[in-house]
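One-letter residues, chain by chain:
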Amino acid sequence: MVAHGTHSRRPTLEEVAARAGVGRGTVSRVINGSPRVSDRTRAAVEEAVAELGYVPNTAARALAANRSDSIAVVVPEAESRFFSEPYFSGMVGGVGLALAETNLQLLLTFARGEREQSRLAAYLAAHRVDGVLLVSVHSDDPLADRLIQMDIPTVISGPRSADEPLPSVDTDNYAGARSAVGHLVARGRRAVAIITGPLDVYGAQRRLAGYQDELAASGISYDEKLVVYGDFTEEGGRRCMEELLERGTGLDAVFACSDLMASGARQVLREAGRRIPDDVSLVGFDDSVIARHMEPGLTSVRQPTRDMGRAMTELLLDEIALAAEGKRSSVRRGTQRHLVLPTELVVRASS
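Residues numbered from 1 in each chain as written. Predicted model: local features only at pLDDT ≥ 70, side-chain atom pairs only at ≥ 80, totals over all residues. Heavy atoms only, no water.

As recorded by an unreviewed UniProt entry, the protein carries the name LacI family transcriptional regulator and is attributed to Streptomyces endophyticus.

Below is the structure:
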């Protein structure tokens, strides 16, 4: 029975907590949509809310806690890259799925240069968002450190180094690269080239390390002539593939560290009369729509970008809830949370 008529005033958060047999902070997490609450506890809180007729005062709650009920996805990249790479759409799709379970709004902003980052810092300092999802960060980008200094709850997509101080969600770049190279070697390929991503991105470093270690495990010597340094773009893939062919290395396989670069490499191989996979096997990374629509179909390492976006959001919601309870600083002094999601090699006709 709903007891709307038994209160001459609004029931309080403390009364809901007492009825549910939980702490005030747990009730706050349930109301704020944090996923870090068990189904049993959530049900108890929701039942207490219904019985007492508790209605959260969103405006008062936001003012009292400096809450805006919104989060920002911040991308320190050019807008053209964001809209051309399937990686980003998958990430944002996962963020949207996680936020669908809450009352939070999503803000998307780009902050590539100093001017844009200064403007963003001023915006964030005005408490216009409750937390930040930082996507695609280079190791020399000062934005992440600026957010740490501002003490804004932040989760990063992929650490900048092995010592990343921010909570992060990443895919297993190292294992994914090893699976790609191991597959090519198992198919009899011995001169396996790699088109890396930009090495100021930690994930690109890990893919290169996986390539090197899998070659060593297979008894194949590392050859610097088979390594070219790309930028995750289609044009970068073209440029790198042209450079590899000009070196005359006798390559019989290429591991491109993104599907877009694999697409550019494929164009150059075809123009050079190299058949895929007869003359050169080709493997990408992402398993994006590009891989599925390429001719021949592209073997690619699937990284679960949608799951990554969702996991980042869930982690950020927990950080926001901890900040509201005043507990986040103690958590940050302890072991930070870094989630690494598994990859999967999807084999198609290109290898």
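Counting its regular elements, the protein contains 15 helices and 12 strands. Each principal axis of the C-alpha atoms in the protein carries an extent, and together these give about 85 × 45 × 35 Å. Classification of the 351 residues of the protein by burial places 52% in the buried group. Summarising the internal contacts of the protein: among those between residues at least 6 apart in sequence, 73% fall at separations of at least 24. Total accessible area computed for the protein in this model is approximately 15,800 Å², and 49% of it derives from carbon and sulfur atoms. A distance of 3 Å separates the average location of the 41 positive side-chain charges in the protein from that of its 47 negative side-chain charges. (Helix = DSSP H or I, 4+ residues; strand = E, 2+ residues; numbered from the N terminus. Buried < 20%, exposed > 50% of the residue type's maximum accessible area, 1.4 Å probe, protein only. Contact = heavy atoms within 4.5 Å. Areas by Shrake-Rupley, 256 points an atom, 1.4 Å probe, with all protein chains shown as cover. Lys, Arg positive; Asp, Glu negative; His and termini not counted. Charge placed at Lys NZ, Arg CZ, Asp CG, Glu CD.)

Note on placement: Asp-141 falls in the loop between strand E3 (131-135) and helix H8 (143-150). When sequence neighbours within four positions are dropped, the list of residues in contact with Asp-141 reads Pro-76, Gln-117 and Arg-160.

Contact geometry for helix H6 (residues 86-99) and helix H14 (residues 305-324): axes closest at 6 Å, N-to-C directions at 45 degrees. Considering the angle they form, H6 stands oblique to H14. For the element pair H6 and H14, the recorded crossing hand is right-handed. For the pair formed by H6 and H14, the contact residues are Tyr-87, Gly-90, Met-91, Gly-93, Gly-94, Val-95, Leu-97, Ala-98 and Leu-99 on the first element and Thr-305, Arg-306, Met-308, Gly-309, Arg-310, Met-312 and Thr-313 on the second. Residue composition of the contact of H6 with H14, by class: eight nonpolar, six polar and two charged. (Axes fitted to C-alpha atoms, helices over the stretch in contact; angles between N-to-C directions. Parallel < 35°, antiparallel > 145°, perpendicular 65-115°, else oblique. Left-handed = near helix turned anticlockwise from the far one by under 90°. Nonpolar A, V, L, I, M, F, W, Y, C, P; charged D, E, K, R; others polar.)

Right, let's get into the sheet that holds strand E7 (residues 227-229). Pairing is mixed across the open sheet formed by six strands, whose spatial order is E7-E6-E8-E9-E10-E12. Since the sheet does not close on itself, it has two edges, and those belong to E7 and strand E12 (344-346), each with one partner. Strand-to-strand twist across the sheet, computed as the mean angle between neighbouring axes with direction ignored, equals 20 degrees. Relative to strand E9 (residues 281-286), strand E8 (residues 253-256) runs parallel, the two being bridged by three bridges. Considered in E9, the bridge of Phe-255 is made with Val-283. (Pairing = 2+ DSSP bridges.)

Counting across every chain of the model gives 17 salt bridges. Between Arg-81 and Glu-77 there is a salt bridge; the shortest N-O distance is 2.5 Å. Judged by its relative accessible area of 15%, Arg-81 falls in the buried class. With relative accessibility at 7%, the residue Glu-77 sits in the buried group. Connected through shared salt-bridge partners, Asp-287, Arg-302, Glu-344 and Arg-348 make up one network. (Salt bridge = Lys/Arg side-chain N within 4 Å of Asp/Glu carboxyl O.)

Time to look at the nonpolar core. Residues Ile-195, Tyr-211, Met-241, Leu-251, Val-254 and Phe-255 are the most contacted members of the largest nonpolar core, which totals 45 residues. Considering every element that reaches this core, the biggest residue donor is helix H12 (residues 259-271), with six residues. Excluding anything up to four places from it in sequence, Leu-251 contacts Ala-191, Ala-193, Leu-226, Met-241, Leu-244, Arg-274, Asp-279 and Val-280. By size, the runner-up hydrophobic cluster in this structure holds 23 residues, among which are Val-95, Leu-133, Val-169 and Ile-320. (Core = buried A, V, L, I, M, F, W, Y, C linked by side-chain atoms within 4.5 Å.)

This model, assessed by the stated rule, comprises seven aromatic pairs. When the centroid spacing of 6.1 Å and the interplanar angle of 50 degrees are considered together, the rings of Phe-83 and Phe-110 count as tilted. Linking Phe-83 in helix H5 (residues 79-84) with Phe-110 in strand E2 (residues 105-110), this pair joins segments that are 27 residues apart in sequence. Taking relative accessible area as the criterion, Phe-83 reaches 61% and is therefore assigned exposed. (Phe/Tyr/Trp six-rings, centres within 6.5 Å; stacked < 30°, edge-to-face > 60°.)

The next subject is helix H2 (residues 24-32). The set of residues buried in H2 consists of Val-27, Ser-28, Arg-29, Val-30, Ile-31 and Asn-32. Just beyond H2, the residue with positive phi is Gly-33, at close to 85 degrees.

The subject of this paragraph is the sheet that holds strand E4 (residues 154-157). Spatially, E2-E1-E3-E4-E5-E11 is the arrangement adopted by the six strands of the open sheet, whose pairing is parallel. Where the open sheet ends on each side, the last strands, each with one partner, are E2 and strand E11 (338-341). With direction set aside, neighbouring strand axes in the sheet form an average angle of 20 degrees. Relative to E4, E3 runs parallel, the two sharing four bridges.

Okay, the pairing of E3 next. Taken across its five residues, E3 has five buried, putting it largely inside the fold. In E3, alternate side chains face the same way, and those of Gly-131, Leu-133 and Val-135 on one face and Val-132 and Leu-134 on the other are all buried. Direction of pairing for strand E1 (residues 70-75) relative to E3: parallel, over a ladder of four bridges. The partner of Val-74 across the bridge, within E3, is Leu-134. As a crossover connection, the stretch from E3 through H8 into E4 is right-handed. (Right-handed = clockwise from strand over helix to strand, strands pointing away.)

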